[in-house]
Amino acid sequence: MAGPVTLDCPAKVNLALAVDPPQPNDPRRLHPIASWMAALSFADTLTVERVVPDSESPGESSFELAYAPDAPVPGAIDWALEDDLMFRAHALVEQRMGRPLAVRVELQKRIPTGAGLGGGSSDAAGMIVALDRLFELGLNASDQSALAAELGSDVHFALGVLAGQTSSIVTGTGDQVEPAPCSATWPIHLVLILPPFGCPTGAVYAAFDRLNASKSPINADDIRELARGFTPGNRELFNDLTAAAADVQPRLKSLLEDLGRLSPRPVHVTGSGAACFAVTDSADDAEGLAQVIRDELNVAALSTQTI
Ligand SMILES: C[C@@](CO)(OP(=O)(O)O)[C@H](O)COP(=O)(O)OP(=O)(O)OC[C@H]1O[C@@H](n2ccc(N)nc2=O)[C@H](O)[C@@H]1O
Ligand SMILES: Nc1ncnc2c1ncn2[C@@H]1O[C@H](COP(=O)(O)OP(=O)(O)O)[C@@H](O)[C@H]1O
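Residues numbered from 1 in each chain as written. Chains lettered and ligands numbered in written order. Predicted model: local features only at pLDDT ≥ 70, side-chain atom pairs only at ≥ 80, totals over all residues. Heavy atoms only, no water.

Per an unreviewed UniProt entry, the protein is named 4-diphosphocytidyl-2-C-methyl-D-erythritol kinase, and its organism is Algisphaera agarilytica. We quote the UniProt Sequence similarities (unreviewed entry) comment for the protein here in full: "Belongs to the GHMP kinase family. IspE subfamily." (UniProt positions renumbered as here; feature names shortened; annotations may be inferred.)

The following block contains the structure:
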């Protein structure tokens, strides 16, 4: 029998994120987006092992979730197992296959929740890939996309990452994923700032609707061009959800002001927040700025890079 599968489930940043109001004909009222997303070396670790039924045990699945000892923001698993995206991905694949897929699972969390870093989505993608490998399910891209659609918009991008596509232009409502044009500068070094508070994605999109009645429509080609010509000194990265996230979470507004004073480079919110990032020229510069932020603001900050 195949041994355990251990996967890094990477965090993502939205290097650029444009958002439109929901289409009137979309019953789910999801917002169209155009985003340049990149996976980071900062990751959760998922280990999945098959459990074989025998005369002593019925072969039931078990799930162990904990924050890793080296997690930068000490957290608690404060959501029900039934709500966990990785757990839900397992249940969904079982339902699709019409049979139990008994596994022993250990998830070591490092990526803070409600951060806009897509941690839960990445864990869900990891579970789909692990089950496919362990049980030789033969899930193709369209099977995987159907599973992602049930789990959350960011799962589409996260599945691409695990298939090796770590930098993508993501359009539709998060469901259309294509490789980002290659910039000469890769990997990108950045400082990730991890505040001790989060932003709920649904509330941030609702605030976006209140605040952005007359925004100009998104243009995915502009974002492709941004990715193609990107250099670390580029000051054109943007996030249409920034004002909405700061509206939902006033502590983010004051953190952004503090970071603006400390950072020589622009500081951006990722996704719906509350994590932020600044692009630097090198890993050393990123570590230096992370240290300043930790010392001056007493906020978790780490040096990381795109993968
Ligand atoms: C904002 C983004 C940018 O990458 O990332 P995060 O900040 O969540 O990481 C995504 O669009 C988040 O996608 P995802 O995190 O998968 O959100 P979901 O769980 O699917 O949706 C939570 C809620 O956000 C709203 N939602 C989500 C996606 C979308 N394109 N339009 C929306 O209006 C819906 O109200 C939905 O019920
Ligand atoms: N495996 C998971 N890891 C983190 N959060 C999860 C997970 N499964 C479900 N959640 C729930 O989803 C919420 C947002 O998760 P997260 O993936 O961090 O979102 P985002 O990237 O959208 O900020 C959390 O508050 C938590 O309740």
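Following the structure, the description resumes.
Under the UniProt annotation, "domain: GHMP kinase N-terminal" (unreviewed entry) lies at residues 86–156. Strand forms 10% of residues 86–156 and helix 61%; the C-alpha atoms that close the span are 14 Å apart. (Helix = DSSP H or I, 4+ residues; strand = E, 2+ residues; numbered from the N terminus.)

The full count for this structure, using the stated rule, is 15 salt bridges. Where Lys109 meets Asp44, a salt bridge forms, and the shortest distance between an N and an O atom there is 2.7 Å. With a gap of 65 residues between them, Lys109 in strand S4 (residues 103–109) and Asp44 in strand S2 (residues 33–50) connect regions that are remote in the sequence. For Lys109, a relative accessible area of 2% corresponds to the buried category. For Arg210, the salt bridge is made with Asp247, and the minimal N-O distance between the two is 3.1 Å. With Arg210 in helix H5 (residues 201–211) and Asp247 in helix H7 (residues 242–248), this pair connects stretches of sequence that are 37 residues apart. According to the relative accessible area criterion, Arg210 is exposed, its value standing at 58%. Owing to a relative accessible area of 39%, Asp247 belongs among the partly exposed residues under this scheme. Via salt bridges that share partners, Asp44, Lys109 and Asp123 belong to a single interconnected network. (Salt bridge = Lys/Arg side-chain N within 4 Å of Asp/Glu carboxyl O. Buried < 20%, exposed > 50% of the residue type's maximum accessible area, 1.4 Å probe, protein only.)

What follows concerns H5. When H5 is considered as a whole, its buried residues turn out to be Val204, Tyr205, Ala207 and Phe208. Projection of H5 onto a plane perpendicular to its axis shows the buried side chains occupying an angular sector of 160°, all on one side. Exposed residues pointing more than 90 degrees away from the buried face of H5 are listed as Gly202 and Arg210. Where H5 is buried, its residues touch strand S1 (5–19), S2 and H7. (Arc of directions from axis to C-beta. Contact = heavy atoms within 4.5 Å.)

Here we come to the site of ligand 1. The environment of ligand 1 is formed by 18 residues, the closest being His31, Ser153, Asp154, Tyr205 and Ser272. Between His31 and ligand 1, the recorded distance is 2.6 Å, taken from a side-chain N or O atom to an oxygen atom. The contact in question runs from an oxygen atom of ligand 1 to an N or O atom on the side chain of Ser272, over 2.7 Å. Burial of ligand 1 by the protein chains amounts to 77% of its free accessible area of 690 Å². Among the secondary structure elements, those contributing two or more residues to the shell around ligand 1 are S1 and H5. Counting residues per element, the shell around ligand 1 draws most heavily on H5, at 3 residues. Two domains share the shell around ligand 1, each providing at least three of its residues, namely domain 1 (5–179) and domain 2 (189–305). (Near = heavy atom within 4 Å. Polar contact = N/O pair within 3.5 Å; in protein donor to acceptor, adjacent residues only side chain to side chain. Areas by Shrake-Rupley, 256 points an atom, 1.4 Å probe, with all protein chains shown as cover. Domains from an automatic or database assignment.)

If you look at the biggest cluster of nonpolar residues, it comprises 33 residues, and the most contacted ones within it are Val191, Ile193 and Leu252. Viewed by domain, this core spans two of them, domain 1 (5–179) and domain 2 (189–305), each represented by three or more residues. (Core = buried A, V, L, I, M, F, W, Y, C linked by side-chain atoms within 4.5 Å.)

Time to look at the packing of helix H1 (residues 85–97) against helix H2 (residues 119–135). It is the contact of H1 with H2, at a shortest axis distance of 7 Å, that shows an interaxial angle of 35°. H2 is crossed by H1, and the crossing has right-handed handedness. Contact residues: H1 offers Leu85, Met86, Ala89, His90 and Val93, while H2 offers Gly120, Ser121, Asp123, Ala124, Met127, Ile128 and Leu131. Taken together, the residues of the contact of H1 with H2 sort by class into 8 nonpolar, 3 polar and 1 charged. (Axes fitted to C-alpha atoms, helices over the stretch in contact; angles between N-to-C directions. Left-handed = near helix turned anticlockwise from the far one by under 90°. Nonpolar A, V, L, I, M, F, W, Y, C, P; charged D, E, K, R; others polar.)

What follows concerns the site of ligand 2. Neighbouring ligand 2 are 16 residues; Leu85, Lys109, Gly116, Gly118 and Gly120 lie closest to it. Note that an oxygen atom of ligand 2 is positioned 2.8 Å from one of the backbone N or O atoms of Gly116. Thr201 places a side-chain nitrogen or oxygen 3.2 Å from an oxygen atom of ligand 2. In terms of residue count, the dominant contributor to the shell around ligand 2 is H2 (3 residues).

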